[in-house]
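# Structural characterization, general
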Amino acid sequence: METAFTPSASFGGGLLIGLAAVLLMLGLGRIFGATGIVSGSVFAESRSEFAWRAALVLGMVLAPGLIFIVTGAWPALDVPVSPTMIAIGGVIVGLGASFGSGCTSGHGVCGLSRLSLRSLVAVPTFMATAAVTVYLIRHVFGG
Amino acid sequence: MKLIYAWATGLVFGLGIAISGMMNPAKVLNFFDIAGTWDLSLAFVMGGAVIVTFIGYRLVWRRAQPLFEDRFQVPASKVIDSRLVGGSALFGIGWGIAGFCPGAAIPALGTGRWEVVLFLGAVVVGLALARILKGQPLISRPVSA
């Protein structure tokens, strides 16, 4: 399935993602890692650790609705894979992000910006395995 | 006040995810499909986000402490081990299979789509499995009773 090349919208959205990462560091002194936010919301260590993550999640979830109110259209969300693949992929993402200590936001945005050595290793690693996985699924095993 | 601030920060992040196209698995998978229906857009997401964060972090760290906490909590580890590399490799495989990552899926919950609920449910299962493998408890006891 083809998708349109959207450099301006993608760059603009990226600026907002960066702004949110900076705001979280300014306000709470924390890295914006989405997996940590999921993990800390579900397996919270204490009530105070849970509360700010829950507030963050409530803000994040409102975004598509706000875009619908302003533009009259929901953000594009096309899922070209089967429910089985979503479920298998999700479990692997959870396992991998836990052992790898981060995901696209934590290692990718925040870690690269800090020039963290661990993130400089993690990001090319997961980018490479994602590209190989997509290649194998789409061009070797059919699809 | 701290919670309202966190809420607004989450909203900014979610808007960025939605506007950038990261919320769309078709677009994410096309970013990785160099040999097929390639769409380079997501490199611009990462570029924009890293530019702002790189500069912004350095301005913020001139402060003695954050607005609502008494210290900055930044990971200090420099250890490159098999957990980091293997975990990251696994993460990329899962991302390439599903087309969602956690940071895109949380805001996408707001669309009410069942695929997003399925993905995040599976991520929580994966996180729980990892806790079991690491010998961490699934239900944490309260720090102070």
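Fair warning: this is a prediction, and the values are worked out from it, not measured in the lab.

## A few points about the packing of aromatic side chains
When we look at a pair of aromatic rings, we describe it by the centre distance and by the angle of the planes. Applying the stated rule across the entire model yields 11 aromatic pairs over all chains. Ring geometry for F32 of chain A against F13 of chain B: centres 4.1 Å apart, planes inclined by 10°, an arrangement best described as stacked. Of this pair, F32 of chain A sits in the loop between α1 (7–28) and α2 (34–42) while F13 of chain B is found in helix α1 (residues 2–20), placing the two residues in two different chains. Taken together, a centroid distance of 5.0 Å and an interplanar angle of 40° make the contact between Y57 of chain B and W61 of chain B tilted. Assessed through its relative accessible area of 0%, Y57 of chain B is described here as buried. The ring of F54 of chain B carries the charged tip of R58 of chain B above its face, separated from the ring centre by 3.8 Å. When the ring centre of F99 of chain A is taken as origin, the NZ or CZ atom of K134 of chain B, which lies over that ring, is 5.1 Å away.

## Structural notes on the interface of chain A and chain B
Interface size is commonly expressed as the accessible area that is lost once the parts come together. Each side of the interface is counted separately: chain A has 105 residues, and chain B has 113 residues. Carbon and sulfur atoms supply 76% of the area that chain A and chain B bury against each other, a total of about 9800 Å² over both sides. The three residues of chain A that bury the most area against chain B are F43, L77 and F99 of chain A, which together make up 8% of that side's buried surface. Seen at the junction of chain A and chain B, the total is 1 salt bridge. Residue R138 of chain A is joined to D33 of chain B by a salt bridge in which the shortest nitrogen-to-oxygen separation is 2.9 Å. At the junction of chain A with chain B, the criterion picks out 27 residue pairs in polar contact (both at pLDDT 80 or more). Sorting the residues of the side of chain A that touches chain B by element identifies α1, α2, α3 (47–71), α4 (83–99), α5 (104–114) and α6 (117–140) of chain A as the ones contributing at least two each. By residue number, the principal contributor to the side of chain A that touches chain B is α1 of chain A, which donates 20 residues. For the side of chain A that touches chain B, the residue count by class is 71 nonpolar, 27 polar and 7 charged.

## Description of the layout of surface pockets
Its boundaries defined by the atoms lining it, the largest pocket holds a volume of some 1100 Å³. Elements that contribute at least two residues to the lining of the largest pocket include exactly α2, α3, α4, α5 and α6 of chain A together with α6 (114–134) of chain B. Per-element tally for the lining of the largest pocket: the top contributor is α2 of chain A, with 6 residues. Of the residues contributing to the lining of the largest pocket, the split by class is 14 nonpolar, 16 polar and 9 charged.

## Topic: the packing of α4 of chain A against helix α4 (residues 82–98) of chain B
With their axes 7 Å apart at the nearest point, α4 of chain A and α4 of chain B run at an angle of 160° to one another. Classified by the angle their axes make, α4 of chain A and α4 of chain B are roughly antiparallel. As α4 of chain A runs across α4 of chain B, the sense of the crossing is left-handed. In this structure, α4 of chain A contributes M85, I86, G89, G90, I92, V93, L95, G96, A97 and F99 of chain A to the contact, and α4 of chain B contributes R83, L84, G87, S88, L90, F91, G94, W95, I97 and A98 of chain B.

The rules we used
Residues numbered from 1 in each chain as written. Chains lettered and ligands numbered in written order. Predicted model: local features only at pLDDT ≥ 70, side-chain atom pairs only at ≥ 80, totals over all residues. Heavy atoms only, no water. Phe/Tyr/Trp six-rings, centres within 6.5 Å; stacked < 30°, edge-to-face > 60°. Helix = DSSP H or I, 4+ residues; strand = E, 2+ residues; numbered from the N terminus. Buried < 20%, exposed > 50% of the residue type's maximum accessible area, 1.4 Å probe, protein only. Lys NZ or Arg CZ within 6 Å of the ring centre and 35° of its normal. Contact = heavy atoms within 4.5 Å. Buried area = accessible area lost by both parts, 1.4 Å probe. Salt bridge = Lys/Arg side-chain N within 4 Å of Asp/Glu carboxyl O. Polar contact = N/O pair within 3.5 Å; in protein donor to acceptor, adjacent residues only side chain to side chain. Nonpolar A, V, L, I, M, F, W, Y, C, P; charged D, E, K, R; others polar. 1 Å grid on protein atoms, 1.4 Å probe; cavity = no way out; pocket = protein on both sides within 12 Å on 5 of 7 lines; lining within 4 Å. Points joined across faces, edges and corners; volume = space filled by probe spheres on them. Axes fitted to C-alpha atoms, helices over the stretch in contact; angles between N-to-C directions. Parallel < 35°, antiparallel > 145°, perpendicular 65-115°, else oblique. Left-handed = near helix turned anticlockwise from the far one by under 90°.

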